[in-house]
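Breakdown of the fold
Here are the chains, one letter per residue:
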Amino acid sequence: MTVTIAGPTTLGTMRRLARIPALLALAAAACSSPSTVTSVTTTVPTPMSTTTTVASDEICRIGDVRFGDDGLVAALGEDVGDATAIASIHWTDSATCERVVIGFASDTGAPASSLGPTGVTVLAYAAVVRVQLPPEVDATAIADSLPDGDLVKQVFVVRDSDGMLSIDLQGAPGTAIMARAVATSSPANLIIDIIPSDAAVTPPGPTRSPAVIVMTPSPGSTIYPVSVEGYAAPGLDSLRLDLVASDGSFTRRNVPLNGWIDTWQGFEAAIGDGPSGMVSLFVGTVGPEGQQDEGATLSLDLP
């Protein structure tokens, strides 16, 4: 888990941070696999995530919920739920799939009984499963996790500019995936199963760096305006976008961030015009003298 304490602190942020000790205690107590899984060995890479290897392949052969390979695969939850915080994220490997179980806490810090309206979507172009959480889930004890499976490589908890939380399960680059999801109550858990897809086109996946994850654009041909979307590490207060051609001509854009300290920070920006041909797009932070510092760089071919 990575939580960077930096940047401005608002009253809402202080309220979320005040709940984190209770969430940490709950997550430590909750680090066990679902009752339908028989565990053989367990390792704990971080206090907030559990990696379990399962001898049986039964977990993805149970139930009649179908897998989807693109778009919305599940609309779940109650009309009104008592879940207000992400308390735990468990990753389980089996012979046929990988399972992620997300646990939730209520305002009291106890396990929640029900989850409000939640959507689970497969972003096929990026090999990502995205969980859009209801507005009342506004706190988390987890910023990110490294399951390092064959299908699920990283998990990011992301807060957008309006403060809404989502969770991205990022697949391995070049691996197409399918997913299904179910929700349980008492306690409230969201269970997501992921299997390989037989799609003919394999996605390149996001462009990653320690400071920023770029979801779009993907490397290759694109057109203006260039839409840049992704999320930045906790605590950062701004990013810089540099679109640089081989002859040194460039277009620059500064992107302010909210300075969220408990999650990764979602951002969207657009570059309306700039150099043509093969260009380099840098998305990241800058050093004390304005030089490119930590970030993601990708090559684009622009008309």
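The sections below set out a description of the structure shown in this document. (Residues numbered from 1 in each chain as written. Predicted model: local features only at pLDDT ≥ 70, side-chain atom pairs only at ≥ 80, totals over all residues. Heavy atoms only, no water.)

**Describing the overall build of the chain**
A count of helical and extended segments in the chain gives 2 helices and 22 strands. Here the chain holds 303 residues, and 51% of them are scored as buried. For the chain, the share of sequence-separated contacts (at least 6 apart) that also reach a separation of at least 24 residues comes to 66%. (Helix = DSSP H or I, 4+ residues; strand = E, 2+ residues; numbered from the N terminus. Buried < 20%, exposed > 50% of the residue type's maximum accessible area, 1.4 Å probe, protein only. Contact = heavy atoms within 4.5 Å.)

**Considering the side chain of Gln 170**
Within the fold, Gln 170 resides in strand 11 (residues 165-171). For Gln 170, a relative accessible area of 0% corresponds to the buried category. A polar contact is formed between the side chain of Gln 170 and the side chain of Arg 208, at a distance of 2.7 Å. Once residues lying within four places of it in the same chain are set aside, the contact partners of Gln 170 are Ala 127, Val 128, Leu 151, Val 152, Lys 153, Gln 154, Phe 156, Pro 206, Arg 208, Ile 213, Met 215 and Tyr 231. (Polar contact = N/O pair within 3.5 Å; in protein donor to acceptor, adjacent residues only side chain to side chain.)

**Looking at the pattern of salt bridges**
Taken as a whole and judged by the stated rule, the model has 6 salt bridges. For Asp 193, the salt bridge is made with Arg 180, and the minimal N-O distance between the two is 3.0 Å. On the criterion of sequence distance, the pair formed by Asp 193 in strand 13 (residues 189-196) and Arg 180 in strand 12 (residues 177-184) is long-range, its members being 13 residues apart. Grouping residues by exposure puts Asp 193 and Arg 180 together as buried. Residue Arg 252 pairs with Asp 242 through a salt bridge whose shortest N-O separation is 2.8 Å. With Arg 252 in strand 19 (residues 250-256) and Asp 242 in strand 18 (residues 238-245), this residue pair connects regions lying 10 residues apart in the sequence. A residue is classified by how much of its surface remains accessible, and Asp 242, at 2% relative accessible area, is buried. Among the charged side chains, a salt-bridge network with shared partners connects Arg 99, Arg 180 and Asp 193. (Salt bridge = Lys/Arg side-chain N within 4 Å of Asp/Glu carboxyl O.)

**Topic: unusual backbone geometry**
Cis geometry marks the peptide bond from Thr 216 to Pro 217, where omega comes out at 5 degrees. Inspection of the secondary structure assignment puts Pro 217 in the loop between strand 15 (212-216) and strand 16 (220-221). Residue Pro 225 is bonded to the preceding Tyr 224 through a cis peptide linkage, with omega at -5 degrees. Positionally, Pro 225 belongs in the loop between strand 16 and strand 17 (226-232). Positive phi values are uncommon outside glycine, yet Ala 127 reaches one of about 55 degrees. Assignment of secondary structure puts Ala 127 in the loop between strand 6 (118-123) and strand 7 (128-132). Positive phi values are uncommon outside glycine, yet Ser 186 reaches one of about 50 degrees. Among the structural elements, Ser 186 can be located in the loop between strand 12 and strand 13.

**Considering the layout of surface pockets**
When its volume is computed, the largest pocket comes out at roughly 370 Å³. For the largest pocket, the lining is made up of 23 residues, of which Asp 160, Ser 161, Gly 266, Phe 267 and Glu 268 are closest to its centre. Those elements that place two or more of their residues in the lining of the largest pocket are strand 7, strand 10 (152-159), strand 11, strand 17, strand 19 and strand 20 (264-271). It is strand 20 that contributes the most residues to the lining of the largest pocket, 4 residues altogether. In terms of residue class, the lining of the largest pocket is built from 10 nonpolar, 7 polar and 6 charged. (1 Å grid on protein atoms, 1.4 Å probe; cavity = no way out; pocket = protein on both sides within 12 Å on 5 of 7 lines; lining within 4 Å. Points joined across faces, edges and corners; volume = space filled by probe spheres on them. Nonpolar A, V, L, I, M, F, W, Y, C, P; charged D, E, K, R; others polar.)

**Here's the deal with the environment of Ser 227**
Checked against the element boundaries, Ser 227 lands in strand 17. With 10 residues separating them along the chain, Ser 227 and Pro 217 place their C-alpha atoms 6.5 Å apart. In this structure Ser 227 touches Thr 216, Pro 217, Ala 269 and Ala 270, once residues within four positions along its chain are discounted.

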